[in-house]
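Reading the structure
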Amino acid sequence: MRKIILFSFLFLTLSAMARHTISGTFSPANNYSWLIAYHLSPGKQSYVADGAVKNGKFSLTLPENSAPGIYRLVYALPQDEFYFDIIYNGKEDVQLHFDASKGVNFLVSEENKIFNKYFREIQNLTGEIVRSYSEGKTNEAKFKKVTKELKATQMVYEKRSDGMLIQHFIKANSPYIPQENESLFDYVKNRKANYFSALDLKNPMLQASGFLMDKISNYAFTALPLQQMDPLETEKAIQENVSEVSRQMEGTPAGFKFHVFHKLWKQASANDYNALSDFLYESYLTPLAEGTNNQSVIDEIKIYNRLRLGAIAPEIEWGKGNTLKKLSDLKGSEYYMLVFWSSTCGHCLRDLPGLYEGLEQRSNLKVVAIGLEDDDVRWKIESAKFENFEHILALGKWENEYAKLYDIAKTPTYFILDKGKRIIATLDDSQEVIKFLDKN
């Protein structure tokens, strides 16, 4: 009897201490080497575990008492691009297969399997409605059949997910379902008007997920009028959508708001929506930064803004004899190029001679070479080899004001400017420079 009691005690103790795992495979196997798991909370992520991916296989053991919620698996850099999210309910292991072209397929974890199946079915049904509009078909019987099935599918999964974490997302994803065979114009208008009806932006579980960010981003950038618009009109329409997102987020934590607007800013910048990115920066990010300890993000955006394509190059001044010269005062050329280099940089000394030779026949280009140096000894010798360049000695090397102004992290770095001194390219190799100039 004593042995039975002892065995039972050990069994219960071990069960209580049992740790769950996230394991699986990656394909193609040779493309992956490491994996990091984070637990997501509104506006931030906390490190949980990491491990090697060997021959396409991995296994991560979660710490004891790991909280249920959304977990992010990062498999490459940059981390905010190469990841996928899973749901951990604290009750089951998760086993999956990730394919770079097909996404995630869950093998073990009922909660994640149901979640994925739900989204596939809902997307297929809403896709049928969209296809019927794009094909110009008005089959009322088929339309009613699809909308009826869409409504039934949503209800089935809401019921099936009762008591599960995924119910937060399934209810939040409840699609707009037309009550009748309405026109394409009305469908688009009503779908936009009802976009946030089921989407509770104050739900902490949703705030912690990539799901909510994807929904917000989708609204901001794709809920646009059914009409031809030029780039400026498109940006204005997206800006109006962003304003609506801001209204919908009233009452949510400032940190969450900053996270959302920063993500939207990144997307706007990636699409060269400069007016939109400036609107996000000035109207939302800057006011929110101080109270959310995000000043470093603002500083990064300032650097991006002054060096982005189309921006007027920051001013540079230098003395030549008794004359003070300025970058903004240079005239007479179709193009200008700033070369940040150093006479102690081996790569620079290999790269610049080829560049110099390649530019000899280009009378429409003026080169200003900024030497980031600790002293002028070697700089005088090396800079004399490029007599057609306008040379500037920038003492202090990486701490020089111009190195900081242009955010120089490596040498050589090349900025190509048009005749108005607007930045049209940023390159780090002389061959890339020559190719760019040949095309332009």
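Data block above holds the structure.
Now for a description of the structure that goes with this document.

Quick notes on the rules
Residues numbered from 1 in each chain as written. Predicted model: local features only at pLDDT ≥ 70, side-chain atom pairs only at ≥ 80, totals over all residues. Heavy atoms only, no water. Pairing = 2+ DSSP bridges. Helix = DSSP H or I, 4+ residues; strand = E, 2+ residues; numbered from the N terminus. Polar contact = N/O pair within 3.5 Å; in protein donor to acceptor, adjacent residues only side chain to side chain. Contact = heavy atoms within 4.5 Å. Axes fitted to C-alpha atoms, helices over the stretch in contact; angles between N-to-C directions. Phe/Tyr/Trp six-rings, centres within 6.5 Å; stacked < 30°, edge-to-face > 60°. Buried < 20%, exposed > 50% of the residue type's maximum accessible area, 1.4 Å probe, protein only. Lys NZ or Arg CZ within 6 Å of the ring centre and 35° of its normal.

A few words on the pairing of strand β9 (residues 317–320). Here β9 pairs with strand β10 (residues 323–326) via four bridges, running antiparallel. Pairing of Gly-319 across the sheet is with Leu-324, part of β10.

Right, let's get into the side chain of Asn-241. Looking at the element boundaries, Asn-241 is found in helix α8 (residues 231–248). Side chain to side chain, Asn-241 and Lys-192 meet in a polar contact 2.9 Å long. There is a polar contact of 3.1 Å between the side chain of Asn-241 and the backbone oxygen of Ala-220. The contact partners of Asn-241, leaving out residues within four places of it in the chain, are Lys-192, Tyr-219, Ala-220, Ala-223 and Leu-224.

On to the sheet that holds strand β5 (residues 69–74). Strand order in the open sheet formed by four strands is β3-β2-β5-β6, with antiparallel pairing between adjacent strands. Two strands close off the open sheet at either side, each with one partner strand: β3 (44–52) and β6 (83–88). Within the sheet, the average angular offset between the axes of one strand and its neighbour, ignoring direction, is 30°.

Okay, the packing of aromatic side chains next. All chains considered together, the criterion is met by 36 aromatic pairs. Relative to Phe-84, the ring of Phe-26 lies with its centre 6.3 Å away and its plane at 45°, an arrangement referred to as tilted. Note that Phe-26 is positioned in strand β1 (residues 21–27) and Phe-84 in strand β6, a separation of 58 residues in sequence. By the burial criterion, Phe-26 is buried, and Phe-84 matches it. For the pair Tyr-71 and Tyr-88, a centre-to-centre distance of 5.6 Å together with 85° between the ring planes defines the contact as edge-to-face. Taken together, the positions of Tyr-71 in strand β5 and Tyr-88 in strand β6 put the pair 17 residues apart, joining distant regions of the chain. Note on Tyr-88: relative accessible area 5%, which makes it buried. Counting every residue linked through ring pairs, the aromatic cluster contains Phe-26, Tyr-32, Phe-58, Tyr-75, Phe-82, Phe-84 and Phe-98. Across from the ring centre of Tyr-195, 5.2 Å away, lies the NZ or CZ of Lys-215, which sits over that ring. The ring of Tyr-336 has Lys-421 sitting right over it, with the charged end atom 4.5 Å from the ring centre.

Pairing is mixed in the open sheet, where four strands are placed in the order β4-β1-β7-β8. Strand pairing shows two members of the sheet lacking a second neighbour, β4 (57–61) and β8 (103–108), which therefore form its edges. Ignoring strand direction, the axes of neighbouring strands in this sheet form an average angle of 20°. Of the pairings in the sheet, the one linking β1 to β4 comprises five bridges and is antiparallel in character. Note that in β4 the partner of Gly-24 across the bridge is Phe-58. Sheet contacts for helix α2 (residues 110–134): β7 (94–99) and β8; angle to β8, the most-contacted strand, approximately 140°.

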